[in-house]
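# Notes for the structure review
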Amino acid sequence: MITITEVKSQLLVPGDGIGFVVMQPYLLGRVSSQEEPFKWKDEEKAEQLDRIRNTLKISLENLHNCEKTHFTIFPEYALPGLGAIETVESFMREDSWPCGTVVIGGLDGLTKDEYATLCAMDGVSFCEPNSPTSVHDGQWINCCVIWEKTSTPDGEKLNKFVQAKMSPSGIEELIRAQDMFCGSGMYIIEGTFRQGPAFRFLTTICYDWIGVMGDNAGIFAILDSLNSRWNVSTDPKMIDLVLLIQCNEKPNDPSFLENSFHFFDRNRFPYVTRDNTVIAMFNAAKSENPVCCRGDSFGSSSLVFSPSSPFDVNTDPPTYAVKTKALRNSQSLLTCKDALFREAGECVHSFSLTHPRFADRASQYPRLPICRAVVSPLTSGPVDPRKTHRPIDSSVKWINDQLDGLNCLESELTVINTLLRASYESFINDLRSQKGLYIRTSISSATKRESPSDIQINCDLWDEDELKVLNTWSAAVSLIGCSSKVSIGQGTIHGLFKHGNDFVEIVVVVGEEHPNNIRWADSQFPLGNKHKRLIISRDRDDNPSSSLDRERPVYDVPGGTVRRTLHRMKQVLSAADKEDFLYGVSKSIGTN
């Protein structure tokens with residue numbers, strides 16, 4: 001049985017604006033897992049302390065638009081040793097750091113002596129089963145610290161609660177020595193909602209969510225202990241927030257997600273009310289650079305809610321997704337509602353949580369679980385449109401992720417490749433800076449689906465069809481840009497170039513068959529009197545089409561339209577020299 005210690009706190013939170021700031025650090029190669037205890041490498045510690053300071057500064061900026069940052073979170077292994085304790089506390093002691101706030105941080109591996117030093121620090125509490133005297137010689141400890149800044153008649157005070165990990169992960173267990181100490185005690189901290197009811201939260205560390213603990217597993221062992229503790233009362237008690245800090249390579253593993261779904265089972269643990277609990281899973285990053293959360297490798301920081309929670313799950317809000325099955329590549333959450341942060345690279349997340357207990361169930365329009373979510377860079381460096389201290393449109397996130405892996409067209413001739421590369425890079429740079437509405441419209445309107453659906457307007461559902469549009473768009477503009485300057489952005493469809501005294505609008509369309517693509521382009525983009533038009537079609541199998549590839553100038557085609565297939569345009573890559581290539585490009589787009 002897990003020992004539960006309940007703590008009364010001064011934490012006062014609003015139901016509709018709980019401020020969070022979460023560091024999402026990249027840890028691979030920085031924390032050594034080759035021998036126990038798992039520690040930050042000496043040469044990496046100073047930079048990580050700077051990242052911690054940057055995160056704490058962001059907490060003070062309130063980018064989430066809440067009254068203050070109620071919770072600042074550093075995931076498992078994010079704090080490099082006891083030196084990080086002073087780094088955190090130096091911020092929290094400042095007058096600028098508000099009272100009634102909580103900071104939670106996962107330390108790297110501590111030796112028995114280091115753990116004893118931590119537990120002996122001023123203001124530290126620990127559960128008796130996790131006492132340093134319970135640690136055997138040679139064992140090491142994976143633990144977190146929960147700080148609360150309070151106001152007392154004698155001045156401000158920092159309370160610190162130390163909680164040891166209870167269940168080792170696979171890599172912690174399979175190290176030859178197998179010497180990680182397993183705790184058996186944890187805290188549940190009770191503050192107050194501004195609306196009046198008690199607000200209770202608890203913290204778990206990664207495998208505590210699923211690992212075997214006596215006769216039960218993970219979170220259910222914790223719930224069993226709480227149920228036994230609370231069944232002496234006639235009324236059940238509610239858990240409002242469960243924080244899960246992780247360094248988890250497989251956050252979307254079915255065991256983690258299925259336990260989240262079964263957590264809300266009303267038929268178990270009747271004295272622990274969980275209908276409105278928020279499960280907050282905060283993980284380490286997949287990469288130092290921005291990267292999509294799609295897949296099963298780190299990242300996937302998220303909030304999980306019960307199936308009955310009153311939130312909207314039919315849109316694609318900035319910064320996070322509520323339609324998440326494709327991004328998680330999993331259906332293990334079943335009917336649970338979910339808010340999944342799209343950025344899986346190193347960053348800082350800031351957001352404002354609306355707690356489901358206080359979301360308006362009677363509203364005609366269901367609310368989103370997060371009012372404002374912002375992504376900030378963790379370190380200084382080149383400006384990236386996915387980390388701007390502002391909310392990130394889903395299409396901006398999608399297109400920049402895809403551009404990272406996009407390839408330029410290539411020829412066998414170096415001189416042609418030089419032209420292509422310059423044109424390609426100009427297009428990529430221009431596209432990265434475009435606003436969400438232009439990206440969303442340009443990609444979705446170019447996708448000729450046989451069965452149109454909300455996929456076309458919800459970027460979290462975009463798949464191979466939309467990626468094919470981007471590849472076609474990139475290839476076409478790269479070729480055209482070798483002979484004519486192409487502009488993209490608001491006011492154009494997929495680009496605009498000048499031929500003589502006329503401007504030619506580029507329209508890209510991708511679908512099953514060329515004739516249907518052309519009809520789609522004509523319906524989506526009726527030709528006006530302002531510009532000529534070049535329609536570039538790509539079918540399912542990238543076939544040519546003789547009926548479209550008419551070798552005629554733009555002026556000779558009725559209606560001012562030239563129609564080409566991408567297949568036909570790419571034939572110029574086999575040109576014998578630069579002059580032949582440029583002539584072929586001009587001819588293929590009707591300007592020669």
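The text that follows walks through the structure, step by step, so that each part is easy to find. Just so it is clear, the model here is predicted, and its values are computed rather than measured. Throughout this document, residue positions are counted from 1 along each chain, in the order its sequence is written. Local features in this predicted model are restricted to residues whose pLDDT is 70 or higher, and side-chain atom pairs enter the listing and the counts only when it is 80 or higher, whereas totals over whole chains, interfaces and linings include all residues. Side-chain numbers come from the whole structure's heavy atoms, not from hydrogens or water.

Here we take up the overall build of the chain. In this text, helices come from DSSP runs of H or I with a minimum length of four residues, and strands from runs of E with a minimum of two, each type numbered from the N-terminal end. Helix and strand counts for the chain come out as 14 helices and 29 strands. Along the three orthogonal principal directions, the C-alpha set of the chain runs to about 90 × 55 × 45 Å. Think of it in three bands: residues with accessible area under 20% of the maximum for their type are buried, residues over 50% are exposed, and the middle band is partly exposed, with areas taken using a 1.4 Å probe on protein chains only. Here the chain holds 592 residues, and 58% of them are scored as buried. Here, residues are in contact when the closest pair of their heavy atoms is within 4.5 Å. In the chain, the proportion of contacts linking residues at least 24 apart, taken out of those at least 6 apart, comes to 73%. In this tally Asp and Glu are treated as negative and Lys and Arg as positive; neither His nor the chain ends contributes. Charge positions are represented by NZ for Lys, CZ for Arg, CG for Asp and CD for Glu. Placing the 62 positive and 76 negative side-chain charges of the chain at their respective mean positions leaves the two points 6 Å apart.

What follows deals with the pairing of strand 28 (residues 532-538). Extensive coverage of strand 28 is indicated by the burial of six of its seven residues. With seven bridges connecting them, strand 27 (residues 502-510) and strand 28 associate as parallel partners. Residue pairing across strands places Ile 506 opposite Leu 534, the latter belonging to strand 28. At least two DSSP bridges between two strands are needed for those strands to be called paired. For strand 28 and strand 29 (residues 561-565), the ladder comprises five bridges, and the chain directions are parallel. Pairing of Arg 533 across the sheet is with Thr 561, part of strand 29.

Before going further, it helps to spend a moment on helix 1 (residues 42-61). Between the first and last residue of a helix there are one fewer steps than residues, each counted as 1.5 Å, and that sum is the expected span. The end-to-end C-alpha distance of helix 1, which contains 20 residues, comes to 30 Å, matching closely the 28 Å that a straight helix rising 1.5 Å per residue would cover. Looking at helix 1, one finds that the buried residues are Glu 44, Gln 48, Leu 49, Arg 51, Ile 52, Thr 55, Leu 56, Ile 58 and Ser 59. Buried residues along helix 1 sit against strand 2 (18-24), strand 4 (39-40), strand 5 (71-79), helix 2 (83-92), strand 23 (347-353) and strand 24 (370-376). Where helix 1 terminates, the next one or two residues include Asn 62, which has phi positive at roughly 55°.

This next bit is on helix 11 (residues 464-480). One turn of an α-helix holds 3.6 residues; hence residues three or four places apart share an orientation. Here helix 11 spans 24 Å end to end across 17 residues, near enough to the 24 Å set by a 1.5 Å rise per residue. Among the 17 residues that make up helix 11, 13 are buried, leaving the element largely enclosed by the rest of the structure.

Here we take up unusual backbone geometry. Geometrically, the link from Glu 36 to Pro 37 is a cis peptide bond, its omega value of -10° lying close to zero. Checked against the element boundaries, Pro 37 lands in the loop between strand 3 (31-32) and strand 4. Even without being glycine, Thr 319 reaches a positive phi, approximately 80°. Relative to the helices and strands, Thr 319 resides in the loop between strand 20 (302-305) and strand 21 (320-321).

In this section: the sheet that holds strand 29. On the basis of which strands lie adjacent, the open sheet formed by five strands has the order 25-26-27-28-29 and mixed pairing. For this open sheet the edge positions go to strand 25 (486-487) and strand 29, each flanked by a neighbour on one side alone.

Attention now goes to the environment of Arg 519. Along the chain, Arg 519 turns up in helix 12 (residues 514-524). Of the residues examined, Arg 519 reaches a relative accessible area of 52% and is grouped as exposed. Spatially, the C-alpha atoms of Arg 519 and Val 509 are 10.0 Å apart, while their sequence positions differ by 10 residues.

Attention shifts here to the nonpolar core. We call a set of buried Ala, Val, Leu, Ile, Met, Phe, Trp, Tyr and Cys residues a nonpolar core when their side-chain atoms join them within 4.5 Å. Core analysis: the biggest nonpolar cluster contains 69 residues, and Phe 71, Phe 201, Trp 209, Leu 243, Leu 303 and Phe 351 have the highest contact counts within it. By residue number, the principal contributor to this core is helix 5 (residues 219-230), which donates seven residues.

With that settled, consider the pairing of strand 22 (residues 337-341). The element strand 22 is extensively covered by neighbouring structure, given that five of its five residues are classed as buried. Side chains of strand 22 alternate between two faces, with Lys 337, Ala 339 and Phe 341 and Asp 338 and Leu 340 buried alike. As defined by bridge partners, strand 20 adjoins strand 22 across four bridges and the pair is classed as antiparallel. In the strand pairing of strand 22, Phe 305 is matched with Lys 337. Of the pairings in the sheet, the one linking strand 21 to strand 22 comprises two bridges and is antiparallel in character. Looking across to strand 22, one finds that Tyr 320 is bridged to Phe 341.

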